[in-house]
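# Observations on the model geometry
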Amino acid sequence: MGQPKPLLEWHGVPLVRFQIESLLEAGAREVVVVLGYESGLVAPRVSRDGVRSVLNEDYRHGKTTSVLRGILSADPGATDFVLLAVDQPRPAWVVKRVVESHVENDALITSPRHRGRGGHPLVFSASLRGELESITDEGQGVREVFDVHRGEVNEVVFDDPVIRLDLNTPEEYEAAKAKYGA
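For the structure given in this document, a descriptive report is provided here. Quantities reported herein were computed from a predicted structural model and do not represent experimental measurements. (Residues numbered from 1 in each chain as written. Predicted model: local features only at pLDDT ≥ 70, side-chain atom pairs only at ≥ 80, totals over all residues. Heavy atoms only, no water.)

## Quick look at helix α4 (residues 92–104)
An ideal rise of 1.5 Å per residue puts 18 Å on 13 residues; α4 measures up with 18 Å between its terminal C-alpha atoms. Along α4, the positions that sit buried rather than exposed are A92, V94, V95, V98, S101 and H102. Here the buried face of α4 lies against α1 (15–25), β5 (80–83), β6 (109–114), β8 (122–125) and β9 (153–157). (Helix = DSSP H or I, 4+ residues; strand = E, 2+ residues; numbered from the N terminus. Expected span 1.5 Å × (residues − 1). Buried < 20%, exposed > 50% of the residue type's maximum accessible area, 1.4 Å probe, protein only. Contact = heavy atoms within 4.5 Å.)

## What to know about the nonpolar core
Among the nonpolar cores identified, the biggest contains 18 residues, and F81, I109, F124, L128, L132, V142 and V145 are the most heavily contacted of them. Every element with two or more residues in this core is listed here: α3 (63–73), β5, β8 and α6 (142–148). Per-element accounting of this core gives the leading share, three residues, to α6. If near-sequence neighbours (up to four positions away) are discounted, F124 is found in contact with D80, F81, L83, H102, L108, I109, L132, V142 and V145. Listed in part, the 15 residues of the second largest apolar core include W10, F18, V123 and V162. (Core = buried A, V, L, I, M, F, W, Y, C linked by side-chain atoms within 4.5 Å.)

In structure tokens form, the structure reads like this:
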């Protein structure tokens, strides 16, 4: 990408800042940003009330290590966990709709869907904290927990494919900026 993904520009701000603002605007009480690669460059973009950053020194061992670090760093009184990677930009209205559906349905897990396919953010009840703390990359990360509880997943259907947006290549990033006006 030419630079760390969290620093890519999205709607005039670094991607990490866009994600933080979306989560807070959607009603998150606490945002834990897990830093890894180039954390020294990213950390200054994270400072804000209601936001805490933690360092994942094991980031080279897979994204599951970052999910674990975030879960372990979250407030022990948290009722739910919203999982959203920095390279999956979601507008606040998407996050809010997923979270509201999760709460209204007293769901165990909530997943947005577009044309039959899952997207992000995923929301997990804190009652699954123990299971989430046991995930591994070898076991496919949060998919382990998702698959065990597949019959209990609250699905929120979206017409907008933004819930599947994932910026993994420069081409995907440029196409997404063109499509979503970023």
